[in-house]
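Examination of the molecular architecture
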Amino acid sequence: KAGVTQTPRYLIKTRGQQVTLSCSPISGHRSVSWYQQTPGQGLQFLFEYFSETQRNKGNFPGRFSGRQFSNSRSEMNVSTLELGDSALYLCASQTGGSGVDTQYFGPGTRLTVL
Amino acid sequence: AQSVTQLGSHVSVSEGALVLLRCNYSSSVPPYLFWYVQYPNQGLQLLLKYTSAATLVKGINGFEAEFKKSETSFHLTKPSAHMSDAAEYFCAVSLNTGGFKTIFGAGTRLFVKA
């Protein structure tokens, strides 16, 4: 099976712009989670989607949003970019449903805000 | 509330020496605990997971971890370090309470000296 893929791998934006990141989960996985990784804050949970519905959300401002499509692919959007949004954004997929199963992570998208 | 504490942001060992990375958790529900490894500019790779089946968990690359409920610990060990083990290691607790979420520790960077 192909792993989790994220596009693009690298992005450079300027303050005030918006950005959309994409994540394709492992085939058959219906749950997708997003995480932000920075040197100062470490790995922080952004949100989780299952069957096109956001089931869980972390403590991020409303500028961070996401969605999931019927094929389980997910996108996250960050509007009005700030310098502090520079980070590695990781997507993870799992089979979903109830219980806790193994998450599989993609390689991440490195976002730099200038 | 769930939380994860990793003791030591940096650990340095000699090649062939024992690796011990410490992790303590706090969880109001039976925990699902994980150790991940991250190499530079890559996503997270699962090393091992605890899901209440056995307290001593064996993972990939010779790593293992022991779940100790009385100490709320889940320390990661490897009998003999290899240069290729140099990376950042994350302990994490996952839960699904109506929505999936993983909380990560701050990470421990492992250095292996020749």
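It should be noted that the structure appears before, not after, this text.
Calculation rules
- Residues numbered from 1 in each chain as written.
- Chains lettered and ligands numbered in written order.
- Predicted model: local features only at pLDDT ≥ 70, side-chain atom pairs only at ≥ 80, totals over all residues.
- Heavy atoms only, no water.
- Buried < 20%, exposed > 50% of the residue type's maximum accessible area, 1.4 Å probe, protein only.
- Helix = DSSP H or I, 4+ residues; strand = E, 2+ residues; numbered from the N terminus.
- Pairing = 2+ DSSP bridges.
- Phe/Tyr/Trp six-rings, centres within 6.5 Å; stacked < 30°, edge-to-face > 60°.
- Lys NZ or Arg CZ within 6 Å of the ring centre and 35° of its normal.
- 1 Å grid on protein atoms, 1.4 Å probe; cavity = no way out; pocket = protein on both sides within 12 Å on 5 of 7 lines; lining within 4 Å.
- Points joined across faces, edges and corners; volume = space filled by probe spheres on them.
- Nonpolar A, V, L, I, M, F, W, Y, C, P; charged D, E, K, R; others polar.
- Axes fitted to C-alpha atoms, helices over the stretch in contact; angles between N-to-C directions.
- Core = buried A, V, L, I, M, F, W, Y, C linked by side-chain atoms within 4.5 Å.
- Contact = heavy atoms within 4.5 Å.

**Overview of the pairing of strand S1 (residues 3-7) of chain B**
Residues and elements named next belong to chain B. Side chains Val 4 and Gln 6 project from S1 onto a buried face, and the interleaved Ser 3, Thr 5 and Leu 7 project onto a face without burial. Here S1 runs beside strand S3 (residues 19-26); their pairing, made up of 5 bridges, is antiparallel. The partner of Ser 3 across the bridge, within S3, is Ser 26.

**Thoughts on the packing of aromatic side chains**
Considering all chains together, one arrives at 14 aromatic pairs over all chains under this definition. Ring geometry for Tyr 35 of chain A and Phe 104 of chain B: centres 5.5 Å apart, planes at 85°, overall edge-to-face. Of this pair, Tyr 35 of chain A sits in strand S4 (residues 31-38) while Phe 104 of chain B is found in strand S10 (residues 100-104), placing the two residues in two different chains. For the residue pair Tyr 35 of chain A and Phe 104 of chain B, the accessibility class agrees, reading buried in each case. Joined through ring pairs, the aromatic side chains of Tyr 35, Phe 45 and Phe 105 of chain A together with Phe 34, Tyr 36, Phe 90 and Phe 104 of chain B make up one cluster. The lysine or arginine in question, Arg 55 of chain A, covers the ring of Phe 50 of chain A, its NZ or CZ lying 4.4 Å from the ring centre.

**Digging into empty space enclosed by the protein**
Any space left empty among the atoms is revealed by the rolling of a water-sized probe across them. The tally for this structure, following the rule as stated, stands at 1 cavity of 30 Å³ or more. For the largest cavity, the calculated volume is near 40 Å³. Around the largest cavity, the lining residues are Arg 9, Tyr 10, Leu 88, Pro 107, Gly 108 and Arg 110 of chain A together with Asn 41 of chain B. Considered class by class, the residues forming the lining of the largest cavity number 3 nonpolar, 2 polar and 2 charged.

**Quick look at the sheet that holds S3 of chain B**
Residues and elements named next belong to chain B. One open sheet accounts for 5 strands, arranged S1-S3-S8-S7-S6; its pairing is antiparallel. Two strands lie at the open edges of the sheet, namely S1 and strand S6 (56-58), each paired on one side alone. Strand-to-strand twist of the sheet, defined as the mean angle between neighbouring strand axes without regard to direction, takes the value 20°. The sheet contact formed by strand S7 (residues 64-68) and strand S8 (residues 73-78) spans 5 bridges and is antiparallel. Residue pairing for S8: Glu 66 is matched across the bridge by His 75.

**A closer look at the sheet that holds strand S7 (residues 64-68) of chain A**
All names here are of chain A. A sheet is described by the order of its strands in space; here 4 strands give the open sequence S1-S3-S8-S7, paired in antiparallel fashion. Each of the sheet's edge strands pairs with one partner strand only, and the pair in question is strand S1 (5-7) and S7. Here the strands of the sheet are splayed against their neighbours by 20° on average, with no regard to which way each runs. Across 5 bridges, S7 lies against strand S8 (residues 74-78) in antiparallel orientation. Paired with Gln 68 across the two strands is Ser 74, which belongs to S8.

**Some details on the nonpolar core**
Formed by 26 residues in total, the largest nonpolar core has its most connected members in Trp 35, Leu 48, Phe 74, Leu 76 and Tyr 89 of chain B. Going through the elements one at a time, strand S2 (10-14), S3, strand S4 (32-38), strand S5 (44-50), S7, S8, strand S9 (87-96) and strand S11 (108-113) of chain B are the ones with two or more residues in this core. Excluding residues within four positions of it along the chain, Leu 48 of chain B makes contact with Leu 33, Phe 34, Trp 35, Val 57, Lys 58, Gly 59, Phe 63, Glu 64, Ala 65, Phe 74 and Leu 76 of chain B. Leu 46, Met 76, Ala 87 and Tyr 89 of chain A belong to the second-largest nonpolar core, a separate cluster that totals 21 residues.

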